[in-house]
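# Summary of the model geometry
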Amino acid sequence: MMRWRWVSNVRLPSHGPSSSVHPYFVMPHIVKGYRHVTSYTDSVLSCFTLSNEVANIWSHGIGAMFFLFRVVQLLRHNWDWNAAQPISAQLLPYIVQEFGCAVGMLGSTAAHIFHSQSEWHHQALFIVDFFAVTFFALCTAVSHYAYVRPLNPDAGPLPTLSANEYLFVALLLHLVVFAVQCLNRFKLYVSPYRSRVMVLIYSAAYGFDFLPFVSRYWSRGQDLPSDGYHLTQLAWVVASALVLALTPEKFAPQRLYFLHGHFFMHISLFMSILQQSVAVEMDIEQWPLFGEHNQPSVSAILAVLGTYVVVGIGAGMLIERYAMDIEQMKADSQKQKEI
């Protein structure tokens, strides 16, 4: 009885129109559903209310749990405690990819749950979100190089890069994307060409992730059953970009305040990731090893991911501190004008 009495005393946080929250948290074309939360407990409880974040939270939260389960299952069935190298070099890139999927979705879920508490939480958690999503993209680059290269190693543009060179370029590109995402989010990079620069940088980094498949598909040495799944993955990525560009909530702001463009982008990306997982599984089953000199080594993969984590965390902390200083300067300037 005590347990159910405690549950009955729980009060879910309220939500209201955009005028009820600080303008800092207001999103374009979304006029209501803004949460009134001041603690981590309130933020967690708000997951069970019909706020404008509930669809974002659950769409990636369920995906994160799914991919965490996948990683646990892969490690459980393939970890060899008696071997000098518990996980084979052939399987490691696939586990890295699935782990990256889980991290990317966990970061997005955490950002959408807790960002409404304060301006600091908003800035810090969306930096975490960008960090996690870009980490996932880097993990995708690792698995694509390992499994999705041309059937003829001499065909296409990719063979000019060794495994270590490819991973190093991918690391640099994704660190740049992470930094630019943060600078753009907090308007620390101001330029009349900002939108063009953003498109160019995103296209370079995420296009590089798909270079192994594009190179293989271009060579047309042999059609593989996984080709259709890779093409469907690309189609879902394009669909997510189109949904964001169309912003459907602006056509019905009173009704689409929780099923808005960002939610549909989440669904599109989740479908893309599922297609990627199926495609890479098929590539692993049918793809013979290139040989140790062409496969990314375990040490190279861990070094690239570790470097991204260390440099990314350092860069994120610097950007967050700088963004907070800028916001404080703007607030002080506004107060002086009012005086």
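In the block above lies the structure referred to throughout.
Let me sum up the structure you'll find in this document. Keep in mind the model is a prediction, meaning the values are calculated, not measured.

Tallying secondary structure elements over the protein chain gives 11 helices and 2 strands in all. When the helices and strands of the protein chain are read in sequence order from the N terminus, they spell out α-β-β-α-α-α-α-α-α-α-α-α-α. Counting the 339 residues in the protein chain, one finds 45% classified as buried. Of the roughly 17,800 Å² that the protein chain leaves accessible, carbon and sulfur atoms contribute 67%.

Let's shift gears to the environment of alanine 64. Here alanine 64 shows up in helix 3 (residues 54–78). With relative accessibility at 1%, the residue alanine 64 sits in the buried group. Measuring from C-alpha to C-alpha, the distance between alanine 64 and glutamate 98 comes to 9.9 Å, with 34 residues separating the pair along the chain. Once you skip the residues sitting within four places of it in the chain, alanine 64 turns out to touch Ala102, Met105 and Leu106.

A few words on the pattern of salt bridges. Taken as a whole, this structure holds 2 salt bridges when the rule is applied. Its salt-bridge partner being arginine 70, residue glutamate 98 comes within 3.4 Å of it at the nearest N-O pair. A residue pair is termed long-range when its members are at least 10 positions apart, and glutamate 98 in helix 4 (residues 92–114) and arginine 70 in helix 3 qualify at 28 residues. Linking glutamate 281 and arginine 70 is a salt bridge whose minimum nitrogen-to-oxygen distance equals 2.6 Å.

Turning next to the state of the cysteines. This model, assessed by the stated rule, comprises 0 disulfides. With no disulfide of its own, cysteine 101 lies closest to cysteine 139 among cysteine sulfurs, the gap being 8.0 Å.

As a further point, take a nonpolar patch on the surface. Residues Leu12, Val44, Phe48, Trp58, Ile62 and Met65 make up a contiguous nonpolar surface patch of roughly 610 Å² in combined accessible area. For the nonpolar patch, the element with the most residues is helix 3, which contributes 3 residues. As for its placement among the helices and strands, leucine 12 is situated in the loop between helix 1 (2–8) and strand 1 (15–16). The partly exposed category is assigned to leucine 12, whose relative accessible area is 45%.

This paragraph deals with the environment of glycine 312. Here glycine 312 is to be found in helix 11 (residues 298–338). When the C-alpha atoms of glycine 312 and phenylalanine 130 are compared, they prove to be 9.9 Å apart, with 182 residues separating the residues in sequence.

Turning next to the side chain of serine 108. With respect to the helices and strands, the residue serine 108 is situated in helix 4. Taking relative accessible area as the criterion, serine 108 reaches 2% and is therefore assigned buried. Polar contacts involving the side chain of serine 108 include one to the side chain of histidine 60, which spans 3.0 Å. In contact with serine 108, other than residues within four places in its own chain, are His60, Asp129 and His266.

Here helix 9 (residues 227–246) contains 20 residues, and its C-alpha end-to-end distance of 29 Å stays within 8% of the 28 Å for a straight helix at 1.5 Å per residue. Taken residue by residue, helix 9 has Asp227, His230, Gln233 and Ser240 as its buried positions. Buried residues of helix 9, seen end-on, are gathered within an arc of 145° and therefore sit on one face of the element. Summarising the geometry of helix 9, the exposed residues directed more than 90 degrees from the buried face are Leu242 and Leu246. Looking at the packing, one finds that the buried side of helix 9 touches helix 5 (119–147), helix 8 (211–219) and helix 10 (261–286).

Summarising the element assignment, leucine 171 is placed in helix 6 (residues 163–185). Using a relative accessible area of 7% as the deciding quantity, one classes leucine 171 as buried. With 37 residues separating them along the chain, leucine 171 and threonine 134 place their C-alpha atoms 9.9 Å apart.

Within helix 8, burial applies to Pro212, Phe213, Ser215 and Arg216. Buried positions in helix 8, seen along its axis, are confined to an arc of 160° and lie on one side of it.

A few words on the packing of helix 8 against helix 9. Between helix 8 and helix 9, the shortest axis-to-axis distance is 11 Å and the interhelical angle comes to 130°. In terms of their interaxial angle, helix 8 and helix 9 are classed as oblique. Viewed along their axes, helix 8 and helix 9 form a crossing whose handedness is left-handed. Residues Phe213, Arg216 and Tyr217 of helix 8 touch helix 9, and the partners they reach there are Asp227, His230, Leu231 and Leu234. When grouped by side-chain class, the residues that make up the contact of helix 8 with helix 9 number 4 nonpolar, 1 polar and 2 charged.

Here is what the cut-offs are and how they apply
Residues numbered from 1 in each chain as written. Predicted model: local features only at pLDDT ≥ 70, side-chain atom pairs only at ≥ 80, totals over all residues. Heavy atoms only, no water. Helix = DSSP H or I, 4+ residues; strand = E, 2+ residues; numbered from the N terminus. Buried < 20%, exposed > 50% of the residue type's maximum accessible area, 1.4 Å probe, protein only. Areas by Shrake-Rupley, 256 points an atom, 1.4 Å probe, with all protein chains shown as cover. Contact = heavy atoms within 4.5 Å. Salt bridge = Lys/Arg side-chain N within 4 Å of Asp/Glu carboxyl O. Disulfide = S-S within 2.5 Å. Patch = residues over 30% accessible without salt bridge, like charges linked within 9 Å, V, L, I, M, F, W, Y side chains within 5 Å. Polar contact = N/O pair within 3.5 Å; in protein donor to acceptor, adjacent residues only side chain to side chain. Expected span 1.5 Å × (residues − 1). Arc of directions from axis to C-beta. Axes fitted to C-alpha atoms, helices over the stretch in contact; angles between N-to-C directions. Parallel < 35°, antiparallel > 145°, perpendicular 65-115°, else oblique. Left-handed = near helix turned anticlockwise from the far one by under 90°. Nonpolar A, V, L, I, M, F, W, Y, C, P; charged D, E, K, R; others polar.

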